[in-house]
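Structural overview for review
Spelled out from the first residue to the last, the chains are:
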Amino acid sequence: MLDVDHITFSYGARRILTDITFDVAPGEIIAVTGRNGAGKTTLVKILACLLMQDAGTVRLQGIDALRRPVKYRRGIGYLSEHSPLYSDMTVEEYLTYRVRLKGERALRVRRRVSETLAISGLSGMHDTRIRLLSHGYRKRVSLADALSTHPRLLLLDDLLAGLDRPQRKACAAALVAASSRASVVVTGHEIDEMLDWCTRVMVLDGGRIAALFRASDFERAELTARIDRLLAGPPSGQEAPA
Amino acid sequence: MKAIQVIWLREIRAFRGAFSCGVPVAAFLAVYGWTFVMTLRNNEGSVLQIQSIWGLSAAPWLPILSAVLTMRLFAEERATGMIDLLMSAPIRERDLVLGKFFSAMTVIAVTLGLSLLVPMLLLPALSAPLLAPASAAAIAATAFILLLQASVWCAAGTMISVLFRNQAAAAVSSLIVCSALPVAVYAAILSWMPGLRAQVAWMPLLVHVYDFSTGLFSTAVIALYVAATLFFLFACSKLLALLRLRG
């Protein structure tokens, strides 16, 4: 479903991503991990059309992200690293606004919002002002936003960061439920927990794919040890663009 | 079209609760009211009509109001990170820009509507001979030129707010562009090419307001304002697209 082909990206003279190639099938959850500055957020931003790669292509069901950006973006749900929200709105107002902005038909908006509130465990908080929510609940509202229009590709940047254990479990449950009909790319450092539900793990190092493991091919302890070894080694230097 | 409407509604809601809307509108009405009274007193007995006084009193303050209203449109989204969510939504940059631009224009239109209350409330007490009611067409023509001018200031302010994360910086930059630039261009033309004085005599903005308020329509003036508005809006959507390149 998602095909990423030889992506390269630089900020000025500093190369951030080099020759990233992978694909994600429907129903797959790919966890992207790596040290700080490895390029995880940049990769997700390119997949979300927030940055344009210097070279390479991104396609979702054959739709090129650069050639047909609006159609491509119609198929994605994106959760930003810092979960920005409009604090003056209630949870339901915000989700309604976002669902309408994503072009959902008027008749379906209310149903989509109700579904999303239920999946994300926010039904009891629908009329709470966002400014009154804790960080964990703000993250859940952001996740609900990403899930709201049944996207074919979910891009979740640092989904579990700053959440307590119950919130992490709730987010993971919502994500697993959504993954039955979507491809998922999720970044983070909480690899132990992501191994509970991801199907593949990508380790980024210095802007390159250091390893891409299929979770089912390894015993969990062995996979964790391999990832730890990769993350413990000396970081690859980021090179200047050619 | 639907995306424009959704963004417009969101922005109107944000304006309704924003300190950056209520205070500037109140300040605009106060300084405009003072200007109106002063203009009325200074021109007592002259042939200046009431709609002209209204237009000439409101027009000088519109760039400031526009700069303050538009400063938050994109600067706030960039500061909070909401710009990422807007840019990842399946909408064109053009729709995003238009939704925000129309919201600022709506606030300005309402403010101009409110400013009409000043002559209605003050005239009976100040100047009975001027009470002869202005025709609806004359008021509409004055409102039209004021809105045309405001559209340029709002489009420029919207474009400038894309460049900043800090709202104050966006407002100051908009003020410089909206207030100083037209005056500077006019002054530069007159000082460097005095022979063009006759050709550019139509450029001062208050002249346009006076002409329209007295029924002297000019297609060239309308085209100038529409072109300037479209230019700034186009530049704004291109700047947004550029954000995808630079991050």
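Worth saying up front: this structure is predicted, and the values here are computed from it rather than measured. (Residues numbered from 1 in each chain as written. Chains lettered and ligands numbered in written order. Predicted model: local features only at pLDDT ≥ 70, side-chain atom pairs only at ≥ 80, totals over all residues.)

Scanning chain B for helices and strands turns up 11 helices and zero strands. Each helix (α) and strand (β) of chain B, taken in turn from the N terminus, gives the series α-α-α-α-α-α-α-α-α-α-α. In chain B, buried positions account for 43% of the 247 residues. In chain B, of all internal contacts separated by at least 6 residues, the share reaching a separation of at least 24 is 84%. (Helix = DSSP H or I, 4+ residues; strand = E, 2+ residues; numbered from the N terminus. Buried ≥ 20, exposed ≤ 12 C-beta atoms within 10 Å, placed from the backbone. Contact = placed C-beta atoms within 7 Å.)

All names here are of chain A. Buried residues dominate strand β9 (residues 200-205), accounting for five of its six residues. When strand β3 (residues 29-34) meets β9, the two strands line up parallel, connected through five bridges. Bridging across to β9, V32 finds its partner in M202. For β9 and strand β10 (residues 208-214), the ladder comprises six bridges, and the chain directions are antiparallel. By the bridge assignment for β10, V203 is matched with A211. The antiparallel hairpin formed by β9 and β10 contains two residues in its connecting segment, where G206 sits at a positive phi of about 60°. (Pairing = 2+ DSSP bridges.)

All names here are of chain B. On the secondary structure map, F234 appears in helix α11 (residues 219-246). The exposure class assigned to F234 is partly exposed, which follows from the 14 C-beta atoms found within 10 Å. Sequence-wise, F234 and I160 are 74 residues apart; in three dimensions their C-alpha atoms are separated by 12 Å.

So, on to the interface of chain B and chain A. The interface of chain B with chain A comprises 20 residues on the first partner and 21 residues on the second. Mapped by element, the contributors of at least two residues to the side of chain B that touches chain A are α1 (2-16), α5 (82-88) and α11 of chain B. Residues belonging to the side of chain B that touches chain A are distributed by class as follows: 10 nonpolar, five polar and five charged. (Nonpolar A, V, L, I, M, F, W, Y, C, P; charged D, E, K, R; others polar.)

The next point concerns the environment of V70 of chain A. For V70 of chain A, the location among the structural elements is in helix α2 (residues 69-74). Assessed through the 15 C-beta atoms surrounding it within 10 Å, V70 of chain A is described here as partly exposed. The sequence separation of V70 of chain A and R165 of chain A amounts to 95 residues, and the corresponding C-alpha distance is 36 Å. Excluding residues that lie within four positions of it along the chain, V70 of chain A makes contacts with P90 and R92 of chain B.

On to the sheet that holds strand β8 (residues 183-187) of chain A, then. Residue and element names in this part refer to chain A. The strand order across the open sheet built from six strands is β6-β7-β8-β3-β9-β10, with neighbouring strands paired in mixed fashion. The outermost strands of the open sheet, each flanked by one partner alone, are β6 (76-79) and β10. In this sheet, neighbouring strand axes are inclined to one another by 15° on average, regardless of whether the strands run parallel or antiparallel. Those strands touched by helix α1 (residues 40-47) are β3, β7 (153-156), β8 and β9, and its axis lies near 150° from that of β8. (Axes fitted to C-alpha atoms, helices over the stretch in contact; angles between N-to-C directions.)

Attention shifts here to helix α6 (residues 165-178) of chain A. Residues and elements named next belong to chain A. Compared with the 20 Å implied by 1.5 Å per residue over 14 residues, the 20 Å span of α6 between its first and last C-alpha is a close match. Here α6 has its buried residues at R168, A170, C171, A172, A174, L175 and A178. Where the residues of α6 are buried, they touch α4 (106-119), α5 (135-147), β7, β8 and α7 (191-194). (Expected span 1.5 Å × (residues − 1).)

So, about the pairing of β6 of chain A. All names here are of chain A. Residues I76 and Y78 line one face of β6 and the alternating positions G77 and L79 line the opposite face, and both faces are buried. In this structure, β6 lies alongside β7, joined through four bridges in parallel fashion. If you follow Y78 over to β7, its bridge partner there is L155.

Okay, the sheet that holds strand β2 (residues 14-24) of chain A next. Strand pairing in a sheet takes place through backbone hydrogen bonds and is either antiparallel or parallel in direction. Residues and elements named next belong to chain A. Within the open sheet, the four strands sit side by side as β2-β1-β4-β5. Their pairing is antiparallel. Taken across any chain shown, the strands that pair with only one partner, and hence form the sheet edges, are β2 and β5 (63-64). Relative to β2, strand β1 (residues 2-11) is paired through seven bridges, and the arrangement is antiparallel. The residue of β2 that forms the bridge with Y11 is R14. Across the sheet, α1 lies against β1, β2 and β4 (55-60), angled at about 60° from β2, the strand it touches most.

Okay, unusual backbone geometry next. All names here are of chain A. Here the phi dihedral of Q61 falls at roughly 50°; this positive angle occurs in a residue that is not glycine. Topologically, Q61 is positioned in the loop between β4 and β5. Within the chain, D158 stands out as a residue other than glycine whose phi angle is a positive 55°. You can call D158 buried: it has 21 C-beta atoms within 10 Å.

In the predicted model, chain B carries a mean pLDDT of 86, and 90% of its residues have values of at least 70. Helix α7 (residues 117-126) of chain B is the least confidently modelled element of chain B, averaging 74 in pLDDT, while helix α6 (residues 93-115) of chain B averages 95, the highest of any element. (pLDDT = per-residue confidence, 0-100.)

What follows concerns the nonpolar core. Grouped together as the largest cluster of nonpolar side chains are 138 residues, with contacts concentrated most on I30, L155, C171, V184 and V185 of chain A together with I108 and L146 of chain B. The element that contributes the greatest number of residues to this core is helix α8 (residues 136-162) of chain B, accounting for 14 residues. (Core = buried A, V, L, I, M, F, W, Y, C linked by C-beta atoms within 7 Å.)

Attention now goes to α8 of chain B. In this model α8 of chain B runs 38 Å from its N-terminal to its C-terminal C-alpha over 27 residues, within 8% of the 39 Å that 1.5 Å per residue would give. A large share of α8 of chain B lies buried, amounting to 20 of its 27 residues.

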